[in-house]
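# Commentary on secondary and tertiary structure
Listed here are the chains, written in short residue letters.
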Amino acid sequence: MNLAYRDVKHNLPRFALTCVGLSLLLGIVITILGIYQGSLDDALRQVRATNPDLWVVEAGTNGPFAEASRISGDTREMIARVYGVERAGGVTYQSVQTVHRDVPLRLFVIGFEPGRPGGPQKLATGRGIMRSHYEMIADRSAGLAVGDEVPLGTRGHKFTVVGLIQDEVTASGDPVAYIPLHDAQTLQFELAPPVGRREAARGGPLQTADTVNAVVAKVSSFVSVPEVVAAVARWKHLNALTEAQQETLVTRFVIEKQRRQMGMFTVLLVIVSAVIIALIIYTLTLDKLRSIATLKLIGAPDRTIVGLIVQQALFMGITGFFAGLALVISFKDYFPRRVVLVPDNIVLLFAIVIVVCLAASSLGVRLALKVDPATALGG
Amino acid sequence: MTAASAQAPLVKVERLSKHFGTGDTRVDALRDVSLEVHPGEVVALLGPSGSGKTTLLNCIGCILEPSSGRLTLDGEIVYDGRWLRSDLRRLRLEKIGFIFQFHNLLPFLDSTDNVAVALDLAGLSAAAARARSIELLDYLEVGHRKQAMPAKLSGGEAQRVAIARALANRPRIILADEPTAALDSHRSGIVMDLLRKVAIDQDAAIITVTHDDKIFDRFDRIFQLRDGRLDAEIDPHSRQVELENTAQHEFPQVPNRDAIQD
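Residues numbered from 1 in each chain as written. Chains lettered and ligands numbered in written order. Predicted model: local features only at pLDDT ≥ 70, side-chain atom pairs only at ≥ 80, totals over all residues.

### Remarks on the overall build of chain A
Counted only if it meets this: The helix count covers DSSP runs of H or I at least four residues long, the strand count covers runs of E at least two residues long, and both are numbered beginning at the N terminus. The globule rule is 2.2 Å times the number of residues to the power 0.38, and the radius of gyration it is compared with is taken over C-alpha atoms. With C-beta atoms placed from the backbone, a residue is buried if 20 or more other C-beta atoms are within 10 Å of its own, exposed if 12 or fewer are, and partly exposed between those counts. Note that contacts rest on C-beta atoms placed from the backbone: two residues are in contact if these are within 7 Å.
Secondary structure assignment for chain A yields 11 helices and 12 strands. Computed over the C-alpha atoms, the radius of gyration of chain A is 30 Å, more than 25% above the 21 Å expected from 2.2 N^0.38 for a compact globule of 379 residues. If you line up chain A on its principal axes, its C-alpha atoms span 100 × 50 × 40 Å. Counting every position in chain A, which comprises 379 residues, the buried fraction comes to 41%. At a minimum sequence separation of 6, the contacts of chain A that also span at least 24 residues come to 80%.

Here it is as structure tokens:
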């Protein structure tokens, strides 16, 4: 006879409410894990989106994601001539904020040379950039549609959205937008008209500098990437990074603080869950002291009493966990950040919840085992 | 000598003592108490609060370890200066049935399962436990309430279900702590008749702690305890028992919650 099940059945509304509360708490834990995984995934997608074998950046920097890097635009021609490099393309990266339909819009703008490495790999809808100016491909999370016109830059150049991509955002959640390299360079260096006039009056440069943040290159499958890296490294003003190095930089450094913050939140919430489970189990045990004393008196072994308490703790933890998981799966698409649920993380969290339930029930078990059977006798 | 007393006693208490604390705080709850209860007998322990009734019941029920003396249950010496059985839980499960003042039914089990839980703990299969439970509930004339939860039972019905649970594993020793305290006189009479029936049918010894003077004439013998000593054995049908009981009510009535205090 499963006493834990019978007790749960008898006190179903109470257990159900407890499980709802616990599921919300565990749902938040799962969401935080999902947000972290989403950030990691977004960061990696950003690196992998261009799918290069090699990143060439300014010497002494770990650009373009981990820190700023600026190299001359003609570096692309230099890199393209290195033995083993099949194709190369200059890219720029910049965050811009504009207003679209009276709503603030943040975009992470990538300038690339159409037909060369650095552009979007796969379109969800629309077409690629065909004109040399003022066309844009944006991530769907920006809320833009094909045909929309988005003003960018200090002079408000209107870029027409010609295509949409899916799930390409930065680690901080800003949607990615691709525009032609030349436009991107203009956006980086053009001055607002009054500032331009002032600069002209003091004899400053009016021309946009032909600089890029990095050059990405595809290496021939017949040549090893380290060999090309070594060749590029001979230029003292350049630094070459493989894709693996770039991914390591992004995951280890760019989102390291975010990882720590979310890890801390997760640990705190797991501790809160443990305390709540422990308190609930302790209270439930207090309510059952006379029943426990009676069971002991009529000959119930300790394992029956321990089973009653531990099974209820596990019941609450497991029900709360799966209810929380179902909740997150149902609503994750409505969350402002991308929530990515990785099976390994979910299984690990489930194991942690089980351990927490067992640990939390120890308080109730201790109380139950201390109950004197004699308390069942007498009024 | 009655037919019951001709048989070997089911409960034999010899010079049993129990004290709590040491030095100035030492309390002698039981002092050299000796008594025998034979199969088929229904006996009462009577005495004012603090006289040692519940302490004696707890010692006989193997819940509380005596300080000295000897205790024999169903022919087996279980205590002789120390417990001689390591598994007292099993001993209680097999040989002793408990009936409580407030029935102590498990609130989350229906009547049948409240009885079946004792059989389940003894290792009986679920089907067999259920069949035996229903049989017992019918025997105690509460079979029509077999699916009722304890909260839905009347006091008398709940006490009969509790008696059924106490009888589940066919114990030969039944210890009852004020089994009629929460019942009116009519239901008290029914419960005592049932205990008498059980004692006869199962050849069991029933030891009851009671203050209920309406049921004194239902006992075969009454043991009067005072200050931890067995003061006297009273004829249940005599006038003396009423006087003793009247005298005990002159003491302040302390709720009988703590076995240590009694």
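Don't stop here, the text continues.
### Regarding the interface of chain B and chain A
To keep things clear, this is the line we draw: Gly falls in the polar group here, along with every residue not listed as nonpolar (Ala, Val, Leu, Ile, Met, Phe, Trp, Tyr, Cys, Pro) or charged (Asp, Glu, Lys, Arg).
On the side of chain A, 19 residues touch chain B, which itself brings 30 residues to the contact. Only helix H2 (53-60), helix H3 (88-95) and helix H4 (111-121) of chain B provide two or more residues apiece to the side of chain B that touches chain A. Residue contributions to the side of chain B that touches chain A peak at 6 residues, all from H4(B). Residue composition of the side of chain B that touches chain A, by class: 18 nonpolar, 5 polar and 7 charged.

### Quick look at the domain arrangement of chain A
Under the convention used in this document: Start and end points for every domain follow an automatic or database-based domain assignment.
Considered domain by domain, chain A is made up of domain 1 (3-43 + 257-376) and domain 2 (86-212). The residue inventory of the side of domain 1 of chain A that touches domain 2 of chain A, partitioned by class, reads 1 nonpolar, 1 polar and 3 charged.

### Structural notes on the sheet that holds strand E1 (residues 11-20) of chain B
All names here are of chain B. Rule in force here: Strands were regarded as paired on the criterion that DSSP finds at least two bridges between them. Each axis is a line fitted through C-alpha atoms, taken for helices only over the stretch in contact, and angles between the N-to-C directions span 0 to 180 degrees.
The strand order E2-E1-E4-E5 describes an open sheet built from 4 strands, whose pairing is antiparallel. A strand with exactly one partner marks an edge of an open sheet, and here the two such strands are strand E2 (27-37) and strand E5 (76-80). Pairwise comparison of adjacent strand axes, ignoring direction, gives a mean angle of 20° for this sheet. Lying over the sheet, H2 contacts E1, E2 and strand E4 (68-73), oriented at roughly 120° with respect to E1.

### A few points about helix H4 (residues 181-189) of chain A
What H4(A) keeps buried is the set A:Leu181, A:Asp183, A:Ala184, A:Gln185, A:Leu187 and A:Gln188. For H4(A), the elements touching its buried residues are strand E3 (85-100), strand E4 (103-112), strand E7 (149-152), strand E9 (176-180) and strand E10 (211-212) of chain A.

### Describing the confidence of the model for chain A
The cut-off we apply is this: The predictor's confidence in any single residue is recorded as pLDDT, a number from 0 to 100.
For chain A, per-residue confidence averages 86 on the pLDDT scale, and residues scoring 70 or more make up 97% of the total. Per-element confidence in chain A is highest for strand E6 (residues 135-139) of chain A, whose mean pLDDT is 94, and lowest for helix H5 (residues 193-201) of chain A, whose mean pLDDT is 73.

### Quick word on the sheet that holds strand E8 (residues 205-209) of chain B
All names here are of chain B. The mixed open sheet is built from 6 strands, whose spatial order is E6-E7-E8-E3-E9-E10. The open sheet is flanked by strand E6 (96-99) and strand E10 (229-234), the only strands paired with a single partner. Across the sheet, the mean angle separating the axes of adjacent strands is 20° when strand polarity is ignored. Direction of pairing for strand E3 (residues 42-46) relative to E8: parallel, over a ladder of 4 bridges. Within E8, the residue paired with leucine 45 across the bridge is valine 209. Those strands touched by helix H6 (residues 155-167) are E6 and strand E7 (173-177), and its axis lies near 165° from that of E6.

### Comments concerning the packing of helix H8 (residues 256-287) of chain A against helix H10 (residues 302-331) of chain A
All names here are of chain A. Put simply, the rule reads: Any angle from 65 to 115 degrees is called roughly perpendicular, while one under 35 is roughly parallel, one over 145 is roughly antiparallel, and all others are oblique. Throughout, a crossing is termed right-handed when the near helix is turned clockwise from the far one, and left-handed when it is turned anticlockwise from it by less than a right angle.
The interhelical angle for the contact between H8 and H10, taken along N-to-C directions, is 140°, at an axis separation of 10 Å. One way to sum up the angle between H8 and H10 is to call them oblique. Seen along the crossing, H8 lies across H10 with a hand that is right-handed. Taking contact as the criterion, the partners of Ile277, Ile280, Ile281, Leu284 and Thr285 in H8 are, on H10, Ile309, Gln312, Ala313, Met316 and Gly317.

### Thoughts on the environment of B:Arg89
Relative to the helices and strands, B:Arg89 resides in helix H3. Judged by the 19 C-beta atoms lying within 10 Å of it, B:Arg89 falls in the partly exposed class. Along the primary structure B:Arg89 and B:Leu45 are separated by 44 residues, whereas in three dimensions their C-alpha atoms are 24 Å apart. Ignoring sequence-local partners within four residues, the contact set of B:Arg89 consists of A:Gly299 and A:Pro301.

### Things to note about the environment of A:His10
Residue position: A:His10 is located in helix H1 (residues 3-10). The exposure class assigned to A:His10 is partly exposed, which follows from the 16 C-beta atoms found within 10 Å. Those residues in contact with A:His10 that sit more than four places away from it in its chain are B:Pro107 and B:Phe108.

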